[in-house]
Amino acid sequence: MGLKGFERRLERLVEGVFARAFKSSLRPVELGRRLVREMDDQRTVNVQGNTAVPNDFTITLGPEDHEQFAEIEESLARELSEAARAHAREEGYVFMGPVEVHLHLDPDLRTGSFGLSARFKEGAGGTPGGSLVLPDGSRVRLSDHVMTIGRTAECEIRLTDTSVSRRHAEIRPSGDGWLVADLGSTNGTRVNGAVVTERKLKDGDTVSAGDSHLRFESN
């Protein structure tokens, strides 16, 4: 699909959600088009032979546009980040760290104009971007320390499913990615349906703890 596919996704994800909120002539999809162009224009081959693209984006807006967008800044940044991840998966791109989008005010910009800068930003501890999408659709960003999945309040990834053990499994940083390890759970840990004791995760893998399913995304 390339750029056109990205634009269609952004129209659905962003314009459909926020269309009524904007009185400005500057539309969210314009930000997305510029963002994906920066990804494509700045792509480079890293030492592992993968095509890496920027993962940290700063959008500058004039006073009137910034005031409009500031009301939904968190949601807009989340939707743009999601669309960037989808484009990266479609094109086979990789990120050096988590995808982040920031909105900044530039008092010298006129209404309807904006700037966008993109950079490569390494994740904490040198780990690339990675996250788990939970059963309720929320996203947990992985970091450079071990994260435990389970029912207890002490777990970083807490699931209320009774089929999940109190300390069920953990996600560990491993080289240039993450692995999942079972912690002797009652109902086992599975990756894409296969029972595992320990497994390196790949983009799109489904991690199942008991009856709960989490999707791993590497960017």
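Use the structure listed above.
A brief look at the structure comes next. Everything quoted here is computed from the prediction, not taken from an experiment. (Residues numbered from 1 in each chain as written. Predicted model: local features only at pLDDT ≥ 70, side-chain atom pairs only at ≥ 80, totals over all residues. Heavy atoms only, no water.)

## Some details on the side chain of Thr-58
- Mapping Thr-58 onto the fold places it in strand S3 (residues 56-61).
- Dropping the residues within four chain positions of it, Thr-58 is found in contact with His-102, His-104, Gly-115, Leu-116 and Ser-117. (Helix = DSSP H or I, 4+ residues; strand = E, 2+ residues; numbered from the N terminus. Contact = heavy atoms within 4.5 Å.)

## A word on the environment of Met-147
- The topology assignment puts Met-147 in strand S9 (residues 147-150).
- Residues Met-147 and Pro-173, spaced 26 residues apart in sequence, show a C-alpha to C-alpha distance of 9.1 Å.
- Met-147 has contacts with Val-140, Arg-141, Leu-142, Glu-156, Ile-157, Ala-169, Glu-170 and Ile-171, leaving out every residue within four places of it along the chain.

## Here we look at the packing of aromatic side chains
- Taken as a whole and assessed by the stated rule, the structure comprises one aromatic pair.
- Seen in terms of ring centroids, Trp-178 and Phe-216 are 6.3 Å apart; in terms of plane orientation they differ by 65 degrees. Their pairing is edge-to-face. In this pair, Trp-178 is assigned in strand S12 (residues 177-182) and Phe-216 in strand S17 (residues 212-217), connecting sequence segments 38 residues apart. Each member of the pair, Trp-178 as well as Phe-216, carries the same accessibility label: buried. (Phe/Tyr/Trp six-rings, centres within 6.5 Å; stacked < 30°, edge-to-face > 60°. Buried < 20%, exposed > 50% of the residue type's maximum accessible area, 1.4 Å probe, protein only.)

## Comments concerning the nonpolar core
- With 22 residues, the main nonpolar core has Leu-31, Met-39, Phe-57 and Ile-59 as its most contacted residues.
- The set of elements that each furnish at least two residues to this core consists of helix H2 (28-41), S3, helix H4 (73-91), strand S5 (100-105) and strand S6 (114-119).
- It is H4 that contributes the most residues to this core, five residues altogether.
- For Leu-31, the residues in contact, after removing those within four places along its chain, are Leu-26, Ile-59, Phe-69, Leu-76, Leu-80, Phe-114 and Leu-116.
- Leu-132, Val-140, Leu-159 and Val-164 belong to the second-largest nonpolar core, a separate cluster that totals 20 residues. (Core = buried A, V, L, I, M, F, W, Y, C linked by side-chain atoms within 4.5 Å.)

By themselves, these figures tell us nothing about what the structure is for.
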